[in-house]
Amino acid sequence: MKFIFPQNYNLKNKFLGVLDYSTLFVNLAWVYLVFSISRLFGLSLHLQLSLVIILCLPLILFSILGINNERILNVIIYLVKYLLKPKLYIFYK
């Protein structure tokens, strides 16, 4: 039995079929960074978890939903490049 895959089929490995591993690594690094910084201030565990959820949930949702199936790492790189070198994208005649 032969299996035929279409030409545009994406064979990238993904975690649970949703997130590619570079995006997962960025999300986990952000969660760890936020949790570590909140531990430095000596907050209670309840406040630490609340802070982690408030600061990390938008990034995780953005990673899962994405923009035109772009990886979150590429979107962050695009944003940083734009912030460092803003260009005029609208030309007036």
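Summary of the structure given here. None of the values given here were measured: they were computed from a predicted structure.

Regarding helix H2 (residues 45-65)
End to end, H2 covers 29 Å across 21 residues, agreeing with the expected 30 Å (1.5 Å per residue, within 8%). Along H2, the sharpest kink reaches roughly 40°, centred on Cys56 and followed within four residues by the proline Pro58.

Comments concerning the environment of Ser38
With respect to the element layout, Ser38 can be found in helix H1 (residues 21-40). The sequence separation of Ser38 and Leu51 amounts to 13 residues, and the corresponding C-alpha distance is 7.7 Å. Contact partners of Ser38, with chain neighbours within four places excluded, come to Leu43, Gln48 and Leu51. Here Phe35 takes part through its backbone oxygen, which lies 2.8 Å from a polar atom of the side chain of Ser38.

Rules behind the numbers
Residues numbered from 1 in each chain as written. Predicted model: local features only at pLDDT ≥ 70, side-chain atom pairs only at ≥ 80, totals over all residues. Heavy atoms only, no water. Helix = DSSP H or I, 4+ residues; strand = E, 2+ residues; numbered from the N terminus. Expected span 1.5 Å × (residues − 1). Bend = angle between axes of the 7 residues up to and from the residue. Contact = heavy atoms within 4.5 Å. Polar contact = N/O pair within 3.5 Å; in protein donor to acceptor, adjacent residues only side chain to side chain.

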